[in-house]
2 protein chains.
Amino acid sequence: MIKSRIAAIRKVMLEEKVDWLYVPSEDFHQSEYVRDYFKCREYLSGFTGSAGALLIGKNMAGLWTDGRYHIQAAKELKGTGIELFRVGQEGVKQILEYLLENVGSGDVVAFDGRVVNAKTASQLEMRLNYQGAVLKYDLDLVDRVWEDRPELLPHEEIYNLDYMYCGKSTTDKLADIRAYMESVGATCHVISTLEDIAWILNVRGNDIKNCPVVLSYLVITKDFAVWFTHEEDMQETVAVAMEKVGVVTTDYADLLKYLGNLPTNQRVLLDKSKVNFAIKKVLENRHIQLIDYPNPSLKMKAMKNEIEQKNLVDAHIKDGIAVTKFMYWLKNNIGKNPMTEISTAEYLESLRGMMLNYKGPSFDTISAYNENAAMMHYSATEESCATLKAEGMLLVDSGGHYLEGSTDITRTFVLGQVEDEWKKHFTLVVKGMLALSDAKFLYGCNGQNLDILARGPLWSEGLDYRCGTGHGVGYMLSVHEGPNGFRWKTVAERNDSGVFEEGMVTSNEPGVYIEGSHGIRIENELLCKEAFVNEYGRYMCFETLTLAPIDLDGIDTRYLNGEDIERLNRYHEKVYSELAEYLDEDEKSWLKEYTRKLI
Amino acid sequence: MIKSRIAAIRKVMLEEKVDWLYVPSEDFHQSEYVRDYFKCREYLSGFTGSAGALLIGKNMAGLWTDGRYHIQAAKELKGTGIELFRVGQEGVKQILEYLLENVGSGDVVAFDGRVVNAKTASQLEMRLNYQGAVLKYDLDLVDRVWEDRPELLPHEEIYNLDYMYCGKSTTDKLADIRAYMESVGATCHVISTLEDIAWILNVRGNDIKNCPVVLSYLVITKDFAVWFTHEEDMQETVAVAMEKVGVVTTDYADLLKYLGNLPTNQRVLLDKSKVNFAIKKVLENRHIQLIDYPNPSLKMKAMKNEIEQKNLVDAHIKDGIAVTKFMYWLKNNIGKNPMTEISTAEYLESLRGMMLNYKGPSFDTISAYNENAAMMHYSATEESCATLKAEGMLLVDSGGHYLEGSTDITRTFVLGQVEDEWKKHFTLVVKGMLALSDAKFLYGCNGQNLDILARGPLWSEGLDYRCGTGHGVGYMLSVHEGPNGFRWKTVAERNDSGVFEEGMVTSNEPGVYIEGSHGIRIENELLCKEAFVNEYGRYMCFETLTLAPIDLDGIDTRYLNGEDIERLNRYHEKVYSELAEYLDEDEKSWLKEYTRKLI
């Protein structure tokens, strides 16, 4: 099937005189997850992972993907004739480097300019031109061969996020953005990132799985704004609200036409690493001046306002009740009733579902038993799904969207007998997680300064986790957002090394992953606050939002010092005092025991 | 006197039609400390601090200096008519910003192009030209009015640093540098930094106070090198050594002439932030291509080789003996025999002087009692010198040059009764210092990643020190060298945020400074080593070089956890086992007590 699809696309390439076709995994908005409509790479290659890109030449077809997917991709590509390029392995070039090395003078390279960001595509264009190759970016070749392609536009309702939840009016947000535009000399601002748009307009939808955004573009000028979306799904109240704040709504498909008619004296603020190449091209072709900065809403959105902060506390109480009830159930039923990775995930989801204002999971739950948990991005399938026994450990990484905010929590539960080594790993992870949570630091620090607090206890024992320690978390939006994060080495394209500002929420999730054996991760979310100001400056600290016991059955106090134990006790005291009233008597007395003071 | 000097220089300015004269504190080599010949700013203004710059216009004369010198400068400038600009205070512009704001179109600005680095001067030149002003950089106007100006060239002997001390031949060093030159396409390399030159040529001198370098320039080509220096002071063995390795020696004054005759097809590697503007200009005027990178010798020099590392251990044993004997003497004589800040510093110097291969102090000793120690860069004068009593604390920051390497150590000694608060501060400083010393981390970390280990315990208590935690230390060279250091916020011009490499030596010196009360700093030097390599990567760690007791009279164990105490005990065990054999019986039994295990 894949072979015939590749043959079909090669035929179209021949018709269009295209020598190389580049098919990435992105949508028009550089979203983290995409609607089925955008899954061209998956359609052509059969590879279903979330990250990866396909390159089709006359005599080659290759798929590039990272370490998370090497095994899966090898399996899925078998028999397709598509070569697997394992990104991250020594000697393996990145896909565009490979392309540039193999492209001949006069060759025609094509991709859909709407699914590649302007920054990457511009660099590629420059280098291709330099090599005498030609770039075509206005063709969607896959569309010609994909017969039963899903619909582009969703039919999901678009609703307002009320002031009591969002805490700041669109009028005020637009005013802040316009003030920023003026400060950088912009007369117009093009936004394509769906989270920014939802935040600015105080609207939410259901257009991307696990992320309550609305497929749309937004153009802000000095006096008005234009929102390109699927109007027909707007609740009446949204239309009213938009009109009130001077936002004109129109068709999603009209953006490029609109930009093509902008007066040429405009100075357009946009983030080239976020808007797609087609947007940049339509402006560039008319010699409109572009001002390339991150969207100002990125940082504004990350700094949760007071109402959002208050709501987040409530969201985490609800989430904590669900997770704590889950833990009680798990601990009391393991070995007695049959359980699997998937069934436990479903049970947890059902507990969240009972909470008021719950809008669904904020990402696909990872429920991973023993060696499965060593795969950082494991997702149980019918095929892989492990049955749980009263031994070993179960890692559950899950989260929910509530009108009061989004959550992301990981707990690793001890299901019975575990080796001392596992407990050591568990304890070191907790030690680091708590040390970072307890950081007090001068304003100006970013994740690079603080990362070692979480990672240090593992490094000291020759362990590590091959990822950042944490990421920014949105409010009823994506659970991965910049510009904050914890990471010891800057990764430019991650944009997560921003200075910690009051109101930012960041996950704190160190872990240990031993291939073929076990995986441990403990994750709390941290709200950045001002601690105090004195002659040395402004001190910042974190308030832990997440409320659920850290399984004391995994703790070996030999690996904790007095400070560590005090931190753990303080956290558990808070968990009990915040959650106890929402639990029944059995759960409550169980929680008392599982939040007991260690000495 | 100053007024008449200013008048004299204004007369010369008038003759030369110069409207503004900029007089910085640097020498031709951007050295940290300079010979008296270069103290033009001091001569003209009377301000004796080590940092600051003077600007003389037709109607104004101003001196800019930083917070360390605000009080001293105000005193020294009194009655001179020179206005003091307190750098660091709000609203105070930097000197060159001030100049640019006040310079008129057609104005002539002058400075000696040899005492301003090429990077700064080039930016200034561009902005002056843009404003219609003219830059003259080939005048040394101060020389015309400074009658008894000290000699430019030293008459200090130049000697070889033997292989048993330097551990790598000049031939090998030149080969490494030439390989680097080739990798960046350079045919020629101009070096003006004195430490780099001394390291490359394995020579030492005594041309700058506290820094055993040789005033000189070095030009390296593919086949030979030219060393511009004061030949007449070379030991015969140096001349022989230079000839052997293809280094031609010639007069210090000949550099610019030599560069003026370079074939124009040369591609010259130089560090624009290090070479002076006159060098850049002579090359630029002939359209010679410049390749602007840090000197490759900077990093090579910082990574001490195995012989240097072995020697450094010996140097620190000698230094530790001196400091430990000093501490014994101090503790046993305080309150009995009269002592002052200066007399104790002199006594310590006399102890170092007894050590084999001791070549002198590596910087001016800071001996500061109680509130004097709160001034981070305090230097006792006859006037300020405090008499010590059997109470409070004495901070002594000192170091020496030995053929086996340079040292830099700070200890704060408890002389008798001190408040609990002081002990708390002392203990927190020790806690942080030991935590950083004990770091184990993946290769790739720099000072920004690790700084919080030292600073965290102070931040947690709302304290801080307003400087980096530590700096790179040279080998029989400057005690401040890049590219390594500990600092939480990057300061671009410091060039101390390099990745830690095996063999780098860095000081670790957190502190607490309470104005008008007390100052505490504890400083050990750390040698970076590879700890081990496993599946996660290459782990690095530090070996502590410095060997001297940390005064247990200052420790309050309530502020230490079990890990902290273990670290302190481990360190003291090492101090005792390394030093005991060199002490007499009284000192030894005293040291046993002062390195006792805490519980």
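Worth saying up front: this structure is predicted, and the values here are computed from it rather than measured.

Draft legend 1. Quick look at the interface of chain B and chain A. Taken together, the contact pairs 31 residues of chain B with 31 residues of chain A. A buried area of about 2600 Å², summed over both sides, lies between chain B and chain A, and 52% of it is on carbon and sulfur atoms. Seen at the junction of chain B and chain A, the total is two salt bridges. Residues Glu563 of chain A and Lys431 of chain B are paired through a salt bridge, measuring 2.9 Å at the closest nitrogen-oxygen approach. Remark: the boundary between chain B and chain A carries 18 residue pairs in polar contact (both at pLDDT 80 or more).

Draft legend 2. Here's a closer look at the nonpolar core. Ranked by internal contacts, the top residues of the largest apolar core, which has 158 residues, are Phe441 and Phe542 of chain A together with Phe441, Leu450 and Phe542 of chain B. With near-sequence residues (within four places) excluded, Phe542 of chain B lies in contact with Leu436, Ser437, Ala439, Phe441, Leu450, Phe486, Phe500, Leu526, Leu527 and Cys528 of chain B. Core analysis: the second largest hydrophobic core is formed by 78 residues, Trp20, Val103, Val213 and Leu477 of chain A among them.

Draft legend 3. How the structure looks around the packing of helix 14 (residues 306-333) of chain B against helix 15 (residues 341-353) of chain B. Residues and elements named next belong to chain B. Helix 15 packs onto helix 14 with a crossing angle of 140° between their chain directions and a minimal axis gap of 9 Å. By the angle between their axes, helix 14 is oblique relative to helix 15. As for the relative orientation of helix 14 and helix 15, their crossing is right-handed in sense. Every residue of helix 15 that contacts helix 14 at Asp319, Ala322, Val323, Lys325, Phe326, Trp329 and Leu330 is listed here: Thr344, Tyr347, Leu348, Leu351 and Arg352. Residue classes in the contact of helix 14 with helix 15 are distributed as eight nonpolar, one polar and three charged.

Draft legend 4. Main features of unusual backbone geometry. All names here are of chain A. That bond from Gly482 to Pro483 is cis: its omega, 0°, falls within 30 degrees of zero. Along the polypeptide, Pro483 turns up in strand 23 (residues 481-486). Even without a glycine there, the phi angle at Asn202 is positive, about 55°. Position of Asn202 among the secondary structure elements: in the loop between helix 9 (194-201) and strand 9 (203-204).

Draft legend 5. Fine view of the relation of the copies chain B and chain A. Here chain B sits on chain A after a turn of 180° about the axis and a move of 0.1 Å along it, with an RMSD of 0.1 Å. Such values leave the two copies arranged in the relation of a two-fold axis. Ranked by how close their C-alpha atoms come to the rotation axis, the residues of chain B are headed by Asn449 of chain B, at 2.6 Å.

Draft legend 6. Structural context of the sheet that holds strand 6 (residues 134-136) of chain A. Residue and element names in this part refer to chain A. An order of 4-3-2-1-5-6 is seen for the six strands of this open sheet, with the pairing classed as mixed. Both edges of this open sheet fall to strand 4 (83-86) and strand 6, since each of them pairs with a single strand only. Each strand of the sheet is rotated relative to its neighbour by a mean of 20°, with strand direction disregarded. Here four bridges tie strand 3 (residues 61-65) to strand 4, and the two strands are oriented parallel to one another. Following the sheet pairing, Leu63 is matched in strand 4 by Leu84. Sitting on the sheet, helix 1 (residues 2-15) touches strand 1 (20-23), strand 2 (53-56) and strand 3, and the angle it makes with strand 2 is about 60°. Relative to the sheet, helix 4 (residues 95-102) contacts strand 1, strand 2, strand 3, strand 4 and strand 5 (108-110), its axis offset from that of strand 2 by approximately 15°.

Draft legend 7. Structural detail: the packing of helix 16 (residues 420-437) of chain A against helix 18 (residues 562-579) of chain A. All names here are of chain A. The geometry of helix 16 relative to helix 18 is characterised by a closest axis approach of 10 Å and an angle of 75° between their N-to-C directions. Classed by the angle they form, the pair helix 16 and helix 18 counts as roughly perpendicular. Listed contacts from helix 18 to Val430, Lys431, Leu434 and Ala435 of helix 16 are Asp564, Arg567, Leu568 and Tyr571. In terms of residue class, the contact of helix 16 with helix 18 is made up of five nonpolar, no polar and three charged.

Analysis parameters
- Residues numbered from 1 in each chain as written.
- Chains lettered and ligands numbered in written order.
- Predicted model: local features only at pLDDT ≥ 70, side-chain atom pairs only at ≥ 80, totals over all residues.
- Heavy atoms only, no water.
- Contact = heavy atoms within 4.5 Å.
- Buried area = accessible area lost by both parts, 1.4 Å probe.
- Salt bridge = Lys/Arg side-chain N within 4 Å of Asp/Glu carboxyl O.
- Polar contact = N/O pair within 3.5 Å; in protein donor to acceptor, adjacent residues only side chain to side chain.
- Core = buried A, V, L, I, M, F, W, Y, C linked by side-chain atoms within 4.5 Å.
- Buried < 20%, exposed > 50% of the residue type's maximum accessible area, 1.4 Å probe, protein only.
- Axes fitted to C-alpha atoms, helices over the stretch in contact; angles between N-to-C directions.
- Helix = DSSP H or I, 4+ residues; strand = E, 2+ residues; numbered from the N terminus.
- Parallel < 35°, antiparallel > 145°, perpendicular 65-115°, else oblique.
- Left-handed = near helix turned anticlockwise from the far one by under 90°.
- Nonpolar A, V, L, I, M, F, W, Y, C, P; charged D, E, K, R; others polar.
- Least-squares fit on C-alpha atoms with pLDDT ≥ 70 in both.
- Pairing = 2+ DSSP bridges.

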